Amino acid sequence: MDHFQYRDGVLHAEDVAVPDIAAAVGTPFYCYSTATMTRHYQVLAGSLDGTGARICYAVKANSNQAVIRTFVELGAGADVISGGELRRAMAAGAAPDTIVFAGPGKTRDELSQALAAGIYQFNVESEPELRLLSAVAAEMGKVAPVSIRVNPDVDAGTHEKITTGRKQNKFGIPIDRAMEIFDLGASLPGLAMLGVAVHIGSQITDLAPFEESFDRALKLIDELRAAGHEVSRCNLGGGLGIPYGGEAPPPPAEYGKMVKRLTANRQLDLVLEPGRVLVGNAGILVAGVIHEKHEGRRFIIIDAAMNDLIRPAMYDSWHDIVPVRAPAPGAALTEADVVGPICESGDTLAKGRHMPPLAPNDLIAVRSAGAYGAVMASTYNTRPLVPEVLVHGGQFAVIRPRQSIDDLLALDKPPPWLAATLE
Ligand code: LLP
């Protein structure tokens, strides 16, 4: 359930009419709902009640500091993937000892930054990373808390570009080498070998692959314990899917039940790293119609493009698109492609949608754009990054202003031999 609903025929974000935001900030813009984020967090946290599981919000999904802060205030920690995200999470108020650092290519600098901060855990993905972390920690006189991320060779049944748990993927330590790597870690200086982590992909709409991967991770923990390692932590990753259109992902309650069943009586400190399920349906991308073009096919050309929301171009993903003002009863809906102004055919946000007639400046909303939307935006075609707006009840605030073209141009620095001509 989300808080983007029509009232008197006008799409609202909580108690704010979307056209009021558009009038204040222009289009396009991202709009997030605090009530939706809060609800999603509470439903997930509630499903894990009694397990003591720590929810580390995967900030890659939406890393605006106001969004991170909203989850921190609800009790979340953070899952970060770079030194930049670590800085962001801390700037947004996440306590270092609630932060996990994942990812297959952490640099020496990033490792030392995280060691200096005193994070909760490094999810180590390879033997070279384990050795590097040991060396950096030993140099700094620190002990790094480590879980090894294993690759359980489980197919998550999701889009090929976001599946991460098959053995041909670049992620994790093959599960059959995990014992050897854990032994190695225990023998190296500067490491506290504490646990096992898995994450098999994103937008997973079936519980079975989760269960299979958790089961493998837990069996590994049993084996490690039997071999004398004191394993106290298990990190179950993120990946729970959301309904964009026709999908019926497992409700968080079912997911929570499964986690409880598998982990009961195992004395483990659990960590989850959800991203999309918390923010995906808590955001929309609002765009203005530039005009329609009818040449055998109906194109609705809007002022948002693939640089603002790359998911349809990158993953062929489906996002619901709705007019901000509900069509008049009986208005004819005809098939249209909703496209942006960028000069490539991939700049198509949606194909063959049944849309009412739209006039220039009418507003449309691309739904389920709260996760992997603004964070994946670029300035391709010298299109400035669009604003992000956060709604809270009847209030809204710009949590990232629109970049200006001057900002963008100022990033380029002329080389000395062209400086005179570019002044
Ligand atoms: N933990 C790890 C180690 C991850 O790699 C990810 C996502 C998550 C947690 C959070 O997964 P979530 O709960 O959000 O599914 N850009 C793509 C999604 C990439 C996901 C990358 N890793 C998209 O737009 O679909």
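Because the structure is predicted, anything quoted here is derived from the model rather than measured.

Considerations on the overall build of the protein chain
Working step 1: Of regular secondary structure, the protein chain possesses 13 helices and 21 strands.
Working step 2: Here the protein chain has a C-alpha radius of gyration of 23 Å; the compact-globule value for 423 residues is 22 Å, and the two agree.
Working step 3: In terms of overall dimensions, the protein chain has C-alpha extents of about 70 × 60 × 40 Å along its principal axes.
Working step 4: Taking contacts inside the protein chain between residues at least 6 apart in sequence as the whole, the part at least 24 apart equals 69%.
Working step 5: On the protein chain, roughly 17900 Å² of surface is accessible, and the fraction owed to carbon and sulfur atoms is 52%.
Working step 6: One way to put it: in the protein chain the 38 positive side-chain charges average out to a point 2 Å from where the 49 negative ones average out.

Quick look at the pairing of strand S21 (residues 395-400)
Working step 1: Strand direction decides the pairing type here: strand S20 (residues 388-392) and S21, joined by 5 bridges, are antiparallel. Across the sheet, the residue bridging to leucine 390 is alanine 397, located in S21.
Working step 2: Joining the antiparallel neighbours S20 and S21 is a turn of 2 residues, in which glycine 393 adopts a positive phi near 65 degrees.

Comments concerning helix H3 (residues 65-74)
Working step 1: Taken together, the buried positions of H3 are Val67, Ile68, Thr70, Phe71 and Val72.
Working step 2: By the N-cap criterion, in which a side-chain oxygen at the helix start approaches the backbone nitrogen of a residue two or three places on, H3 is capped by asparagine 64, the distance to alanine 66 being 2.9 Å.
Working step 3: In the segment just after H3, glycine 75 is the residue with positive phi, at about 115 degrees.

A closer look at the domain arrangement of the protein chain
Working step 1: Taken domain by domain, the protein chain holds domain 1 (4-31 + 280-409) and domain 2 (34-276).
Working step 2: Computed over C-alpha atoms only, the centres of domain 1 and domain 2 are separated by 32 Å.
Working step 3: In this complex, domain 1 contributes 22 residues to the contact, which on the side of domain 2 involves 22 residues.
Working step 4: The junction of domain 1 with domain 2 conceals about 1900 Å² of combined surface from both sides, 54% of it contributed by carbon and sulfur atoms.
Working step 5: It is Asn281, Tyr315 and Tyr372 in domain 1 that bury the most area against domain 2; as a group they hold 28% of the surface buried on that side.
Working step 6: Across the domain 1-domain 2 interface, the total number found is 0 salt bridges.
Working step 7: Remark: the boundary between domain 1 and domain 2 carries 11 residue pairs in polar contact (both at pLDDT 80 or more).

Thoughts on the packing of aromatic side chains
Working step 1: Counted by the stated rule, this structure contains 7 aromatic pairs.
Working step 2: Considering the side-chain rings of tyrosine 57 and phenylalanine 71, the 4.6 Å spacing of their centres and the 40 degrees angle between planes classify their relative orientation as tilted. Of this pair, tyrosine 57 sits in strand S5 (residues 54-58) while phenylalanine 71 sits in helix H3, and the two are 14 residues apart along the sequence. Phenylalanine 71 shares its class with tyrosine 57; the two are buried.

Side note on the packing of helix H2 (residues 34-47) against helix H9 (residues 252-263)
Working step 1: Running from amino to carboxyl end, H2 crosses H9 at an angle of 30 degrees, the nearest separation of the two axes being 8 Å. Classified by the interaxial angle, the pair formed by H2 and H9 is roughly parallel. Every pair of crossing elements has a handedness; the one defined by H2 and H9 is right-handed. Contacts from Val43, Leu44 and Ser47 of H2 reach H9 at Pro252, Ala253, Tyr255, Gly256, Lys257 and Lys260.
Working step 2: Looking at the contact of H2 with H9 residue by residue, the classes come out as 5 nonpolar, 2 polar and 2 charged.

Brief notes about the site of the ligand
Working step 1: Near the ligand, the surroundings consist of 19 residues, among which Ser202, Glu273, Arg276, Arg311 and Tyr372 are the closest.
Working step 2: A distance of 2.8 Å separates an oxygen atom of the ligand from a polar atom in the backbone of glycine 239.
Working step 3: For the ligand, the protein covers 92% of the area, taking 590 Å² as the surface of the free molecule.
Working step 4: Residue composition of the shell around the ligand, grouped by class: 7 nonpolar, 6 polar and 6 charged.

Observations concerning the sheet that holds strand S3 (residues 16-17)
Working step 1: One open sheet holds the 3 strands; their spatial order is S1-S2-S3, and the pairing between them is antiparallel. One side of each edge strand has no neighbouring strand; the edge strands of this open sheet are strand S1 (4-7) and S3.
Working step 2: Of the pairings in the sheet, the one linking S1 to strand S2 (residues 10-13) comprises 4 bridges and is antiparallel in character. When the sheet's bridge partners are listed, arginine 7 is paired in S2 with valine 10.

Overview of the nonpolar core
Working step 1: Counting 98 residues, the largest nonpolar core has Tyr57, Phe122 and Tyr255 as its most contacted members.
Working step 2: The element best represented in this core is helix H8 (residues 207-226), accounting for 8 residues.
Working step 3: Built from parts of two domains, this core gets at least three residues from each of domain 1 (4-31 + 280-409) and domain 2 (34-276).
Working step 4: Apart from residues no more than four positions distant in its own chain, tyrosine 255 is found in contact with Leu44, Leu207, Phe210, Phe214, Leu236, Gly237, Leu240 and Leu272.
Working step 5: Ranked by size, the runner-up nonpolar core spans 18 residues in total, among them Ala13, Val18, Val25 and Cys31.

Points about the pattern of salt bridges
Working step 1: Tallying each qualifying case throughout the model produces 20 salt bridges.
Working step 2: A single network of salt bridges, built from pairs that share partners, joins Glu127, Arg131, Arg177 and Glu180.

What about the side chain of glutamate 273?
Working step 1: Tracing the backbone through its elements, the reader meets glutamate 273 in the loop between strand S13 (269-272) and helix H10 (276-279).
Working step 2: Although buried, glutamate 273 forms no salt bridge, and the nearest oppositely charged side chain, lysine 60, lies 6.1 Å from it.
Working step 3: At 3.0 Å, the side chain of glutamate 273 and the side chain of asparagine 235 are in polar contact.

Overview of helix H5 (residues 108-117)
Working step 1: All buried positions along H5 are accounted for by Glu110, Leu111, Ala114 and Leu115. Around the axis of H5, the buried residues are gathered within 135 degrees of arc, so they sit on the same side. Residues Asp109 and Ala116 are exposed on H5 and point more than 90 degrees away from its buried face.
Working step 2: Buried-residue contacts for H5 involve helix H4 (83-91), strand S7 (99-101), strand S8 (121-124), helix H6 (127-140) and strand S9 (144-151).
Working step 3: One or two residues past the end of H5 sits glycine 118, with phi positive at roughly 80 degrees.

So, how was this worked out
Residues numbered from 1 in each chain as written. Predicted model: local features only at pLDDT ≥ 70, side-chain atom pairs only at ≥ 80, totals over all residues. Heavy atoms only, no water. Helix = DSSP H or I, 4+ residues; strand = E, 2+ residues; numbered from the N terminus. Rg over C-alpha atoms; globule rule 2.2 N^0.38 Å. Contact = heavy atoms within 4.5 Å. Areas by Shrake-Rupley, 256 points an atom, 1.4 Å probe, with all protein chains shown as cover. Lys, Arg positive; Asp, Glu negative; His and termini not counted. Charge placed at Lys NZ, Arg CZ, Asp CG, Glu CD. Pairing = 2+ DSSP bridges. Buried < 20%, exposed > 50% of the residue type's maximum accessible area, 1.4 Å probe, protein only. Polar contact = N/O pair within 3.5 Å; in protein donor to acceptor, adjacent residues only side chain to side chain. Domains from an automatic or database assignment. Buried area = accessible area lost by both parts, 1.4 Å probe. Salt bridge = Lys/Arg side-chain N within 4 Å of Asp/Glu carboxyl O. Phe/Tyr/Trp six-rings, centres within 6.5 Å; stacked < 30°, edge-to-face > 60°. Axes fitted to C-alpha atoms, helices over the stretch in contact; angles between N-to-C directions. Parallel < 35°, antiparallel > 145°, perpendicular 65-115°, else oblique. Left-handed = near helix turned anticlockwise from the far one by under 90°. Nonpolar A, V, L, I, M, F, W, Y, C, P; charged D, E, K, R; others polar. Near = heavy atom within 4 Å. Core = buried A, V, L, I, M, F, W, Y, C linked by side-chain atoms within 4.5 Å. Arc of directions from axis to C-beta.

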